[in-house]
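# Results of the structural survey
Chain by chain, the residues run as shown.
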Amino acid sequence: MLLSNSQHLGKATNASSNASSAQPNGKQKAALSLSRRASLALRHGHGFCDDGDGDAPGGGGGGSGSGDDTTGGEVVAVLDAPRLHAGAGGGGGGDAAAGFSPHENEKIVQLLCDFESGFSLMLDRIKQNMHSCKEVAGFLKRRAAIEEEYGRAMTKLSQGILNSKAEEGKKGSFSDAWRHSVMLHEQVGENRIKFAQTVNAVADEVSTLHKNTERSRKQLKEAGYKHWKAVHESENALEKAKSKYESCSEDWERAILTREQLIGTVSTMMMPNSRPGGLAKSISSLQIWKQATSTSNPAKVQKQEDDARTRAAIANENYKQQLATTNNLRSTYFQTHLPRFIRMLLETNEACDHGLQTQLIKHARDLEDALMIEAGTLSPIDPEKLDAGIVKTVENVNNIGDFEQYMMAYFQNTKQLQKSDYQYSPYSMSPEAFFLAHPKPVFGLDLTTVTARDDVQVPKIVDRCIQAVERYGLHTQGLYRVSAAHHAVQKLRSALDKDDDKVNLDEWADEISVVSSALKLYFRELPDSLFPKTMYHAFIEAAKLEDERLRLITIHELVNQLNDAHYSTLQALIGHLHNVQSLEAENRMGIQNLAIVWGPTLMDCPDASSFDPSELRLQSRVVETVLANFHRIFEM
């Protein structure tokens, strides 16, 4: 960062022999009362308004450290006229606003030169401008690529549809409207490609502006820091010359005191710390003084004093020369070089501002034009071309007329349907073959028929399967929940349906799940489920009762109404399931699990079209209630 004017003035003034500290000049004192509105006006491009003293955050200064008392939020009052920016508050559609007037430029240059951060402020502002240019250029490049990709894809898609020779689609008014709509899409794609070219051109202009601004900033930064470096090196040399001069003057002072003490002109012993300046500098100075006073040769002491005076004179001359050189470099830098570089930076910044705004306005106009062209393509303003718009084109499609034409053309080569019903003609099997195939069928027969035929209370297949499961399967996990392989179940079903007396279920001990699945299949294929269809809704309504005691009494009464075959078979099955749930710890099949498995198997809705899936839960509740109260219901 460049050294502030106050820092340079402070160093030079401290070196001067007739001034002890730097004091603010009259212009700097007058500057202390300026409101921070000046910096905000410069930053936002508005006029200086003298309508109040409201503070604004940020300020325009470069921080503390200047020679005057100005803080980071105060600005030197060098712009005493209102801001005269061109086109302020102007409406849209105009060209980019012009920059500062020459008079304003000079006032801004003067303002920036009075602060240590003026040069850095302009460099940072231009850097912001460069970043904005880079961001805009990148966005426009990507926007152009997207628009071009969209336009080419739309054109290719439309041309593919127009050049297609497929005959599968609808004909008539729809075909004409569809082809016209695709042609409009092709035109939209071509317009997008043209717009992409204009966006790409603007992006190239902004990229060029970014490169030129970057090059100018770099050159001005290097040149400005080159002159500042010369001033900085000269100030360092001045500090060294001043230190040399002060050191030689102290030696000369010490030599004078030594000589005077030897010749007796000093009446009292003078210690180095008798006054705040001079010899009282450090412990090393005290030691040197003691050595000098211990010398008893007057000629040697005089020679030391002469040598010290000569060195002090040479150092004084060198210090004065370096002071003049440094002040000359500083004056040239602050009065010529710094204003010139800030002026050129300001011009570079204004050029970048104006160029970027101009290109963005051009892009905005191109975008408006492209959207207007696209809107005019899809919805023409010309009254004579209103029917060519995409909405009107689609609205003019006559679906009914197109269908009638298609239907008449289609019926020309077809015959009229014969709608009379086909008559069922069953195959007539010989009595011998039928008896051999189904000597004693059990699956799919009504419970009453089977029990009457075999003269039993419970179908033999039910008894035999229950006995086999209780011998070999009560400890099987997931009993009745885990189904066996379909082909194995069908094999056992065929054997039982042919002659269940000849089937040895002990042979299925290792595959007891096949037996349990066959038992479930038997109940599932009953023409009338174990809980009869005629009583289905009565059982469902009973299951809806929330009072458990009332629900048990109602279901108990319904069970008692079953015919003998259904009642005896239900008693046998529920007793078996009661034995299964008693070993729940081993087979993991409790009352609730068994009810979920057996509910849909034992109950069947009489009207499948009106079945409500929520009734599955109620079916399970019926079985759960009967199973949980087995001894009460069947009075066991």
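This text follows the structure it describes.
Our subject in this report is the structure included herewith.

Basis of the calculations
Residues numbered from 1 in each chain as written. Predicted model: local features only at pLDDT ≥ 70, side-chain atom pairs only at ≥ 80, totals over all residues. Heavy atoms only, no water. Patch = residues over 30% accessible without salt bridge, like charges linked within 9 Å, V, L, I, M, F, W, Y side chains within 5 Å. Areas by Shrake-Rupley, 256 points an atom, 1.4 Å probe, with all protein chains shown as cover. Salt bridge = Lys/Arg side-chain N within 4 Å of Asp/Glu carboxyl O. Helix = DSSP H or I, 4+ residues; strand = E, 2+ residues; numbered from the N terminus. Buried < 20%, exposed > 50% of the residue type's maximum accessible area, 1.4 Å probe, protein only. Arc of directions from axis to C-beta. Contact = heavy atoms within 4.5 Å. Axes fitted to C-alpha atoms, helices over the stretch in contact; angles between N-to-C directions. Nonpolar A, V, L, I, M, F, W, Y, C, P; charged D, E, K, R; others polar. Core = buried A, V, L, I, M, F, W, Y, C linked by side-chain atoms within 4.5 Å. Parallel < 35°, antiparallel > 145°, perpendicular 65-115°, else oblique. Left-handed = near helix turned anticlockwise from the far one by under 90°.

## Re a nonpolar patch on the surface
Together, Leu 157, Ile 161, Phe 174 and Trp 178 make up an exposed nonpolar region whose accessible area comes to about 370 Å². Structurally, the position occupied by Leu 157 is in helix H5 (residues 118-162). Owing to a relative accessible area of 54%, Leu 157 belongs among the exposed residues under this scheme.

## Remarks on helix H12 (residues 447-454)
Among the residues of H12, those classed as buried are Leu 447, Val 450, Thr 451 and Asp 454. Axial view of H12: buried residues confined to an arc of 95°, hence all on one face. Against the buried residues of H12 lie helix H13 (460-472), helix H15 (512-524) and helix H18 (564-581). Positive backbone phi, at 55°, marks Asp 455, one or two positions downstream of H12.

## Considerations on unusual backbone geometry
We note that Tyr 480 has phi near 70°; this positive angle belongs to a residue other than glycine. Considering the arrangement of structural elements, one finds Tyr 480 in the loop between H13 and helix H14 (486-499). Here Arg 588, not a glycine, exhibits a phi torsion of approximately 60°, which is positive. Mapped onto the elements, Arg 588 comes out in the loop between helix H19 (584-587) and helix H20 (591-602).

## Side note on the packing of H15 against H20
Between H15 and H20, the least distance of the axes is 8 Å, while the angle of their chain directions is 35°. Taken together, the residues of H20 that come into contact with H15 (itself represented by Leu 519, Lys 520, Phe 523 and Arg 524) are Val 597, Trp 598, Thr 601 and Leu 602. Taken together, the residues of the contact of H15 with H20 sort by class into five nonpolar, one polar and two charged.

## Describing the pattern of salt bridges
Applying the stated criterion to the full structure yields 22 salt bridges. Here Glu 305 ties to Arg 259 by a salt bridge, and the two come within 3.6 Å at their closest N and O atoms. Placement of the pair is Glu 305 in helix H8 (residues 298-378) and Arg 259 in helix H6 (residues 173-262), with a sequence separation of 46 residues. Judged on exposure class, the residue Glu 305 and its partner Arg 259 are both buried. Note that Glu 541 is salt-bridged to Lys 544, the shortest N-O span being 3.4 Å. Note on Glu 541: relative accessible area 46%, which makes it partly exposed. A relative accessible area of 42% places Lys 544 in the partly exposed class. In this structure, a network of salt bridges that share partners links the residues Arg 259, Glu 260, Glu 305, Asp 306 and Arg 309.

## A few points about the environment of Ser 517
Inspection of the secondary structure assignment puts Ser 517 in helix H15. With 24 residues separating them along the chain, Ser 517 and Arg 493 place their C-alpha atoms 9.8 Å apart.

## Details of the nonpolar core
Core analysis: the largest hydrophobic core is formed by 66 residues, its most contacted members being Tyr 480, Tyr 522, Phe 523 and Trp 598. By residue number, the principal contributor to this core is H15, which donates eight residues. Beyond its immediate stretch of four places on either side in the chain, Phe 523 contacts Val 462, Leu 530, Thr 569, Leu 573, Trp 598, Thr 601 and Leu 602. Counting 20 residues, the second-largest nonpolar core is a separate cluster that includes Met 122, Trp 228, Val 231 and Leu 345.

## Some points on the packing of helix H16 (residues 536-543) against helix H17 (residues 548-560)
The contact between H16 and H17 brings their axes to 9 Å, and the two run at 165°. Considered as vectors, H16 and H17 are oriented roughly antiparallel to each other. In this structure, H16 meets H17 at a crossing whose hand is left-handed. Taking contact as the criterion, the partners of Ala 538, Phe 539, Ala 542 and Ala 543 in H16 are, on H17, Arg 551, Thr 554, Ile 555, Leu 558 and Val 559.

## Section: the side chain of Gln 581
Looking at the element boundaries, Gln 581 is found in helix H18. Residue classification places Gln 581 among the buried residues on the basis of a relative accessible area of 15%. Once residues within four sequence positions are removed from consideration, Gln 581 is found in contact with Met 589, Gly 590, Ile 591 and Leu 594.

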